[in-house]
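Observations on the model geometry
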Amino acid sequence: MNERERDMIRCAVTAAAGRGRHEYGVLVRPGSLEEAGRLVREGCPARNYALISDSQVAELYGERALDALRRDGLAAQLFRFPAGEWNKTREVWAELADRLLRAGLGHEDAVIALGGGVAADLAGFLAATYLGGVPLVLVPTTLVAMLDSAVGGETGLDTPGGKGVIGARHAPAFVLADPSLLSTLPDPQLASGLARAIQYGSALDAGHLEAIAANVERYFAREVEPLAALVTRSLELKVGALSRDEREAGYHKVLDFGRTVGRAVEAVAGYGWLYGEALAAGMAAEAAVGEALGVTQPGVTRRLRAVLEAARLPAEAGEGLDEDRYFKVLELECRRRGSETRYTLLSEVGRVAQGPDGRWTHHVPEGVVREVLFGGGGV
Ligand SMILES: NC(=O)c1ccc[n+]([C@@H]2O[C@H](COP(=O)([O-])OP(=O)(O)OC[C@H]3O[C@@H](n4cnc5c(N)ncnc54)[C@H](O)[C@@H]3O)[C@@H](O)[C@H]2O)c1
């Protein structure tokens with residue numbers, strides 16, 4: 001095993017119909033942005049690279065990334081788009097595509113997404129669609145992007161009709177995650193990523209949840225070694241769940257704990273909540289739903305809420321959640337999917353409960369959801 005491979009997590013994604021299986025590596029190593037030239041050349045050789053970044057990340061890391069690439073003789077050009085979730089749109093995608101065309105980017109070239117989940121989704125969708133598809137490299141700069149967007153190959157845009165409804169499967173050729181870049185990330189954004197890590201722990205590995213609880217202040221102090229360990233274990237859990245899904249269809253639903261309520265919270269709040277904040281409130285709610293049904297061991301909600309609060313995350317959906325709008329959002333989602341609303345519930349910390357039908361999601365009577373979410377003054 002060479003030096004490059006030692007810190008590498010291997011991922012495999014089954015690409016869109018007929019395009020087979022795609023394997024790639026995620027390198028998690030503090031300081032690796034400085035080695036981006038050599039690593040990108042090895043991980044995704046191309047003639048030119050379009051480095052796509054939002055305005056804030058471009059300001060912080062754009063020049064450093066360009067220097068690192070050019071130092072190694074790679075040709076790269078920076079393309080910025082305005083920062084913010086509300087820019088993950090068709091309009092911004094079209095403008096970037098036009099700019100790449102004007103710059104003459106061709107089939108032998110590649111896209112590098114430098115930034116958070118928004119840059120990964122937007123630049124990823126651009127790479128999936130530009131000239132029918134060009135290779136993609138991810139250089140995540142938020143915790144969400146490092147431990148979530150890096151694995152799975154999902155890309156997409158937001159529209160007034162919903163989040164991620166326009167999208168494509170386009171796995172990266174290579175992911176370079178440098179946890180030292182988290183030093184500049186604001187605390188709420190760091191907490192947002194912790195929510196996803198807490199979800200992996202709650203659903204898949206109690207030890208991971210306890211490690212997060214024990215190290216939470218070190219993450220906020222931006223200590224790189226604990227952060228690197230957090231990203232690595234989180235990715236291993238997501239990769240493990242996705243590869244089991246290939247043998248056991250539907251298993252990926254274990255990664256949806258907290259997502260049913262979380263997605264509705266995001267939609268009802270008009271994206272006023274960060275991705276991880278909505279997920280955190282969703283997990284607390286779904287743990288309580290599980291306990292009310294007798295599916296989840298008593299005490300799980302209390303433990304989960306304590307960890308969420310330590311991670312500076314909401315442990316309640318809050319009074320802002322309008323009951324009627326909540327159920328309308330779910331109804332709309334159901335119609336789109338053509339199936340009933342189902343919930344991923346825990347049996348205990350670190351384990352998802354399998355339903356009597358063998359599925360990893362559960363039907364929950366609407367009355368139980370109403371009672372738990374809205375009956376007692378919030379979640
Ligand atoms: N495709 C997937 O698998 C997947 C998975 C999870 C989340 N997502 C998507 O990701 C998005 C959320 O991602 P996010 O939380 O990274 O949001 P984001 O990309 O908007 O980043 C959050 C903010 O932090 C700033 N920022 C980024 N890196 C920084 C750094 N190192 N220092 C200082 N500021 C920095 C950005 O400019 C932005 O303002 C959502 O749109 C969500 O749907 C996609």
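Structure's up top.
Quick look at the structure, then. Quick caveat, the model's predicted, so the values are computed rather than measured. (Residues numbered from 1 in each chain as written. Predicted model: local features only at pLDDT ≥ 70, side-chain atom pairs only at ≥ 80, totals over all residues. Heavy atoms only, no water.)

Of regular secondary structure, the protein chain possesses 14 helices and 13 strands. In summary, the protein chain has a C-alpha radius of gyration of 20 Å against a globular reference of 21 Å for 379 residues, a match within 12%. C-alpha atoms of the protein chain, sized along the principal axes, occupy 60 × 40 × 40 Å. The buried share of the protein chain, taken over its 379 residues, is 55%. Sequence-distant contacts in the protein chain: of pairs separated by 6 or more residues, those separated by 24 or more amount to 73%. When the 42 basic and 51 acidic side-chain charges of the protein chain are each reduced to a single mean position, those positions are 3 Å apart. (Helix = DSSP H or I, 4+ residues; strand = E, 2+ residues; numbered from the N terminus. Rg over C-alpha atoms; globule rule 2.2 N^0.38 Å. Buried < 20%, exposed > 50% of the residue type's maximum accessible area, 1.4 Å probe, protein only. Contact = heavy atoms within 4.5 Å. Lys, Arg positive; Asp, Glu negative; His and termini not counted. Charge placed at Lys NZ, Arg CZ, Asp CG, Glu CD.)

Right, let's get into the site of the ligand. Surrounding the ligand, one finds 25 residues, the nearest of these being Glu85, Lys88, Thr141, Thr142 and Thr184. Measuring from an oxygen atom of the ligand, one finds a side-chain N or O atom of Glu85 at 2.6 Å. At 2.7 Å from a nitrogen atom of the ligand is found a side-chain nitrogen or oxygen belonging to Thr141. Across the complex, the protein chains shield 91% of the 860 Å² of accessible surface that the ligand would expose by itself. (Near = heavy atom within 4 Å. Polar contact = N/O pair within 3.5 Å; in protein donor to acceptor, adjacent residues only side chain to side chain. Areas by Shrake-Rupley, 256 points an atom, 1.4 Å probe, with all protein chains shown as cover.)

Take the side chain of Arg29 next. Here Arg29 is to be found in the loop between strand S2 (21-28) and helix H2 (36-43). Given a relative accessible area of 10%, Arg29 falls into the buried group. Engagement of the side chain of Arg29 in a polar contact is seen with the side chain of Glu35, the distance being 3.4 Å.

Let's shift gears to the environment of His362. Residue placement: His362 occurs in strand S13 (residues 362-363). You can call His362 buried: its relative accessible area is 8%. Measuring from C-alpha to C-alpha, the distance between His362 and Arg342 comes to 5.3 Å, with 20 residues separating the pair along the chain. Polar contacts involving the side chain of His362 include one to the main-chain carbonyl oxygen of Ala353, which spans 2.8 Å.

As a further point, take the pairing of strand S8 (residues 162-169). Both strand S7 (residues 154-159) and S8 contribute to a ladder of 6 bridges, which runs antiparallel. Across the sheet, Gly156 pairs through a bridge with Gly167, a residue of S8. (Pairing = 2+ DSSP bridges.)

A few words on the nonpolar core. By size, the foremost hydrophobic cluster in this structure holds 79 residues, and its most contacted members are Val26, Ile52, Leu100, Val111, Ile198, Leu230 and Leu308. Apart from the residues within four sequence positions on either side, Leu308 is in contact with Ile198, Ala280, Met283, Ala284, Leu313, Pro314 and Ala315. Counting 27 residues, the second-largest nonpolar core is a separate cluster that includes Val40, Ala110, Leu176 and Leu181. (Core = buried A, V, L, I, M, F, W, Y, C linked by side-chain atoms within 4.5 Å.)

By the definition in use, this model includes 5 aromatic pairs. Ring centres of Tyr326 and Phe374 lie 5.8 Å apart, and the angle between their planes is 65 degrees; this geometry places the pair in the edge-to-face category. Of the two residues, Tyr326 is situated in helix H13 (residues 323-337) and Phe374 in helix H14 (residues 366-375); the sequence distance between them amounts to 48 residues. Judged by relative accessible area, which is 0%, Tyr326 ranks as buried. (Phe/Tyr/Trp six-rings, centres within 6.5 Å; stacked < 30°, edge-to-face > 60°.)

Let's shift gears to unusual backbone geometry. Despite not being glycine, Leu131 shows a phi value in the positive range, around 50 degrees. By the element assignment, Leu131 lies in the loop between helix H5 (117-129) and strand S6 (136-140). You will see that Arg312, though not glycine, has its phi angle at about 60 degrees, which is positive. The class for Arg312 is partly exposed, based on a relative accessible area of 43%.

Attention shifts here to the environment of Thr184. Relative to the helices and strands, Thr184 is located in the loop between strand S9 (174-177) and helix H7 (187-204). Sequence separation between Thr184 and Asp72 is 112 residues, and the spatial gap between their C-alpha atoms is 26 Å. At 2.6 Å, the side chain of Thr184 forms a polar contact with the side chain of Tyr61. Here Leu181 takes part through its backbone oxygen, which lies 3.3 Å from a polar atom of the side chain of Thr184.

Most of S6 is tucked away, with 5 of its 5 residues classed as buried. Judged from the 5 bridges that link them, strand S5 (residues 110-115) and S6 form a sheet pairing that is parallel. Across the sheet, Ala113 pairs through a bridge with Leu138, a residue of S6. Once you follow S5 into H5 and on to S6, the crossover reads as right-handed. In this structure, S6 lies alongside S9, joined through 2 bridges in parallel fashion. Each bridged residue has a counterpart across the sheet, and for Leu138 the counterpart in S9 is Val175. (Right-handed = clockwise from strand over helix to strand, strands pointing away.)

The N-to-C vectors of helix H8 (residues 206-220) and helix H9 (residues 224-247) enclose an angle of 150 degrees; their axes lie 10 Å apart at closest approach. Looking at the two axes, H8 sits roughly antiparallel to H9. Once H8 is placed against H9, the crossing between them reads as left-handed. Along its contact with H8, which presents His208, Ile212, Arg218 and Tyr219, the element H9 presents Pro226, Leu227, Leu230, Arg233, Ser234 and Leu237. Tallied by class, residues from the contact of H8 with H9 come to 6 nonpolar, 2 polar and 2 charged. (Axes fitted to C-alpha atoms, helices over the stretch in contact; angles between N-to-C directions. Parallel < 35°, antiparallel > 145°, perpendicular 65-115°, else oblique. Left-handed = near helix turned anticlockwise from the far one by under 90°. Nonpolar A, V, L, I, M, F, W, Y, C, P; charged D, E, K, R; others polar.)

Let us look at helix H12 (residues 300-310). All of the buried residues in H12 are Val300, Thr301, Leu304, Val307 and Leu308. Considered in projection along H12, the buried side chains sweep an arc of 130 degrees and stay on one side of the axis. Residues of H12 that are exposed and point more than 90 degrees away from the buried face comprise Arg302 and Glu309. Lining the buried residues of H12 we find H7, H8, helix H11 (275-293) and strand S11 (346-348). (Arc of directions from axis to C-beta.)

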